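What follows is each chain in one-letter form.
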Protein chains: 2
Amino acid sequence: MKQYLNVTLLVFILSNYLCLGQSIVEDFKPSTVNQPGQEYPQVNSQGYARFKILAPEAQSVVVSLGLGGAKGGTVLTKGENGFWMGTTAGAMDEGFHYYHVTVDGGVFNDPGALNFYGSTRWESGIEIPAHDQDFYALKNVPHGNVQQILFPSKSTNTSRRAYVYTPPGYSKEQSKRFPVLYLQHGWGEDETAWSNQGRVNLIMDNLIAEGKIKPFIIVMTYGMTNEVKWGGMASFKIDGFQTVLVDELIPYVDANFRTLANHANRAMAGLSMGGMETKTITINKPEVFSHYALLSGGTYKLEDIKDKSKVKLIFLSCGSKERPDGVKNAVTGLKEAGFNAVSYVSEGTGHEFQTWRRSFKELAPLLFKD
Amino acid sequence: MKQYLNVTLLVFILSNYLCLGQSIVEDFKPSTVNQPGQEYPQVNSQGYARFKILAPEAQSVVVSLGLGGAKGGTVLTKGENGFWMGTTAGAMDEGFHYYHVTVDGGVFNDPGALNFYGSTRWESGIEIPAHDQDFYALKNVPHGNVQQILFPSKSTNTSRRAYVYTPPGYSKEQSKRFPVLYLQHGWGEDETAWSNQGRVNLIMDNLIAEGKIKPFIIVMTYGMTNEVKWGGMASFKIDGFQTVLVDELIPYVDANFRTLANHANRAMAGLSMGGMETKTITINKPEVFSHYALLSGGTYKLEDIKDKSKVKLIFLSCGSKERPDGVKNAVTGLKEAGFNAVSYVSEGTGHEFQTWRRSFKELAPLLFKD
């Protein structure tokens, strides 16, 4: 009984120390994705976020980000000079978070932060320092380019936008051709997400500079041809987007970029809803893609895949705060069935971009191996 | 005396009819630069703008856009269901306008509108239908690409960002080389302005499709290496940016794109502060650029130019609501001195992007003529 009490006490002390009881270190700096010259929002070395918003006549200002980015939010307090300030009740998960500010019941963005397209609107973004942030940092290495293309889409009767990452030296090595990864965003996001929030171009530049991967092209486009409300995914029809991707975008990219235009050198990956799209399209079109990756985007069942010989890689990942067992078990099953399957779990992160940045870093070296 | 009265009366009636007395046509549609799926802000065929913003507990909501986009702004009125609504007191100038919303004394963006970088922050944007909007519309024509490049800058010890427009077919015609226009934004804007607000890529695509211009490359980068407050332009030193542009960016572009890397095929243009930069740098570096264009960005004096033989074109423009006489007189003087000088005045517009879109459309066909 005594021992039991001690254990309880120990757990209580620990949990307090690890979370609410922690004293805040006053080394706050502006978030790295603030608007130019803006001092707030700020983040400290422990992962706390602090906000400062001007609204002299407002009755209430609440930031949607709470402890660990979970529900609740941070209620700001009005100080003199009309500024509302507040600090998260605890350390946030490492990496990028979307947020917004509710001022007197209306939803706005933080004037201090850059905006990123998520949840079908441009939201404020903040970067919590991460122990491994070096892999997506802007470094003094050769840089690839990210270019906007407008490609004709007969099926949707418009010019659609995509972003294409070409590796460093692409424009110089006029004879060289490259494999292509088609990389999809999640629900409520768009073709800007992987480079803006995901920093995928910087991750590629850094991996290439370190000689850790074979350079390849990445193509990112909007993954919907009809609007789907959150929660309405069950009603989502893949046909429209599959036509845009397979019959319109891929031929355009192969015609306008120096690609290795074959099955062995074409991969598809996606996060969340983009993973669901990747799963469906790779199953429907096994002759088009040879490498599949679902980032927090579900798993493949054995019966999904008809022709094992067409699949060179299946990569499944998620954050440790999601359902890592589902990913691990699926990969175990796929391996037993003889697939080249790999799982990755991002420690201490949930259904957010830090999980997907890390997942991409693990995935890239596995793609297009001879 | 009778006649005098009648004239006064007539003027009074006319001015009323032309402005405040005008009855509003209820054909409002969402602005073309709203966020996806957003119904407000709206614009009508007369150029009125209507706003609708949710802020149930707010005491005051004011939109910075007023009649003609001038000072004052539009005070919104609270309706049921917590939405604040209001319509501009008159027709706005045609084209693009920046704006923001003041909620209880705090400055925020309109959650319905896309954001554009201006006045050193990401501001809401709205498009007022223009009689000539076809020239910058997205059409079913071959499209060039706009790509982000990160180029090494020793002088500022970082990788700097630029956007490069390459004309349709650039990637296919592997042997062809192109002239280059270096195109600068205005104060408070950045390298995103010309493609986002200016739609310069679409203007190029359309002019090329109509066979009205020789295709060329456009390079847009951030025009400052030190922050300069509005009104502090007198203290602005060009040296830092001139080094980045001439000694770092131009060599990088010439090394990484298929350019015609010579004086005859290199132009510089800029709007507002970018015009001031263009003027200074073209005067300092006559051996680098052969075509000069200042859009609402001042004029050249004869004594500015030492070697007339180095100048192939001087283009000066502004809106009719700015100082058109200054532009016209300067061009008259330059012509008399034997320069190939051209002036353009955008009717009914001021110091805004519609003036610069139109100016660019007039400038492009004059560049790089044999």
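Residues numbered from 1 in each chain as written. Chains lettered and ligands numbered in written order. Predicted model: local features only at pLDDT ≥ 70, side-chain atom pairs only at ≥ 80, totals over all residues. Heavy atoms only, no water.

The next thing to look at is the interface of chain A and chain B. The partner chain B presents 43 residues to the 42 residues of chain A that form the contact. Both faces combined, the contact of chain A with chain B buries some 3,400 Å², and carbon together with sulfur accounts for 49% of it. Contact with chain B buries surface across chain A, with Asp 104, Phe 108 and Leu 150 of chain A losing the most and accounting together for 16% of the total. Across the chain A-chain B interface, the total number found is zero salt bridges. Our count for the chain A to chain B interface comes out at twelve residue pairs in polar contact (both at pLDDT 80 or more). (Contact = heavy atoms within 4.5 Å. Buried area = accessible area lost by both parts, 1.4 Å probe. Salt bridge = Lys/Arg side-chain N within 4 Å of Asp/Glu carboxyl O. Polar contact = N/O pair within 3.5 Å; in protein donor to acceptor, adjacent residues only side chain to side chain.)

Quick look at the environment of Ile 149 of chain B now. Note that Ile 149 of chain B resides in strand β13 (residues 145–153). Assessed through its relative accessible area of 0%, Ile 149 of chain B is described here as buried. Linking Ile 149 of chain B and Leu 271 of chain B, residues 122 residues apart in sequence, is a C-alpha distance of 22 Å. If we ignore the near neighbours within four places in the chain, the residues touching Ile 149 of chain B are Asn 145 of chain A together with Arg 160, Arg 161, Ala 162, Val 164, Leu 249, Tyr 252, Val 253 and Phe 257 of chain B. (Helix = DSSP H or I, 4+ residues; strand = E, 2+ residues; numbered from the N terminus. Buried < 20%, exposed > 50% of the residue type's maximum accessible area, 1.4 Å probe, protein only.)

Residues and elements named next belong to chain A. The assigned domain composition of chain A is domain 1 (29–129) and domain 2 (134–366). Taking only C-alpha atoms, the centre of domain 1 and the centre of domain 2 are 30 Å apart. Roughly 1,300 Å² of surface becomes buried between domain 1 and domain 2 when both sides are summed, with 44% attributable to carbon and sulfur atoms. Of all residues in domain 1, the largest losses of buried area upon contact with domain 2 belong to Asp 93, Phe 96 and Tyr 117, amounting jointly to 35% of the total for that side. Linking domain 1 with domain 2 are three salt bridges. For Asp 93, the salt bridge is made with Lys 321, and the minimal N-O distance between the two is 2.6 Å. Applying the counting rule to domain 1 against domain 2 returns nine residue pairs in polar contact (both at pLDDT 80 or more). Counting residues per element, the ones that place at least two in the side of domain 1 that touches domain 2 are β8 (95–99), β11 (115–118) and β12 (121–128). Considering every element that reaches the side of domain 1 that touches domain 2, the biggest residue donor is β8, with four residues. (Domains from an automatic or database assignment.)

This next bit is on the packing of helix α3 (residues 200–209) of chain A against helix α7 (residues 353–363) of chain A. All names here are of chain A. At a minimum axis distance of 10 Å, the contact between α3 and α7 shows a crossing angle of 35 degrees. The interaxial crossing formed by α3 with α7 has right-handed handedness. Of α7, the residues touching α3 (which contributes Val 200, Ile 203, Met 204 and Leu 207) are Arg 357, Phe 360 and Lys 361. Its residues assigned to classes, the contact of α3 with α7 shows five nonpolar, no polar and two charged. (Axes fitted to C-alpha atoms, helices over the stretch in contact; angles between N-to-C directions. Left-handed = near helix turned anticlockwise from the far one by under 90°. Nonpolar A, V, L, I, M, F, W, Y, C, P; charged D, E, K, R; others polar.)

Time to look at the packing of aromatic side chains. Following the criterion strictly, the structure yields 29 aromatic pairs over all chains and no others. Seen from their ring centres, Phe 96 of chain B and Tyr 98 of chain B are 5.1 Å apart, and the 85 degrees between their planes marks the pair as edge-to-face. Ring centres 4.8 Å apart and planes at 70 degrees place the aromatic pair Phe 96 of chain B and Phe 116 of chain B in the edge-to-face group. Pair noted here: Phe 96 of chain B is in strand β8 (residues 95–99) and Phe 116 of chain B is in strand β11 (residues 115–118), with a separation of 20 residues, a long-range link. For Phe 96 of chain B, a relative accessible area of 2% gives the class buried. Cluster of aromatic residues (ring-pair linked, three or more members): Trp 194, Phe 353, Trp 356 and Phe 360 of chain A. Sitting over the ring of Tyr 136 of chain A, Arg 357 of chain A keeps its end group 4.3 Å from the ring centre. Sitting over the face of the ring of Phe 339 of chain B, Lys 308 of chain B holds its NZ or CZ atom 5.7 Å from the ring centroid. (Phe/Tyr/Trp six-rings, centres within 6.5 Å; stacked < 30°, edge-to-face > 60°. Lys NZ or Arg CZ within 6 Å of the ring centre and 35° of its normal.)

After a rotation of 180 degrees and a shift along the axis of 0.0 Å, chain A superposes on chain B with an RMSD of 0.0 Å. Such a combination of turn and shift is consistent with a two-fold rotation axis. Taking the C-alpha atom as reference, chain A places Gln 147 of chain A closest to the rotation axis, 1.8 Å from it. Comparing interface residues between copies, 100% of those in chain A also sit at the interface in chain B, which points to an isologous, same-surface contact. (Least-squares fit on C-alpha atoms with pLDDT ≥ 70 in both.)

Moving on, we come to the sheet that holds strand β1 (residues 29–30) of chain A. All names here are of chain A. With antiparallel pairing, five strands are arranged side by side in an open sheet as β1-β2-β3-β7-β6. Looking at which strands have only one partner, the edges of the open sheet turn out to be β1 and β6 (77–78). Here β6 pairs with strand β7 (residues 83–87) via two bridges, running antiparallel. Residue pairing in the sheet places Lys 78 in a bridge with Trp 84 of β7. (Pairing = 2+ DSSP bridges.)

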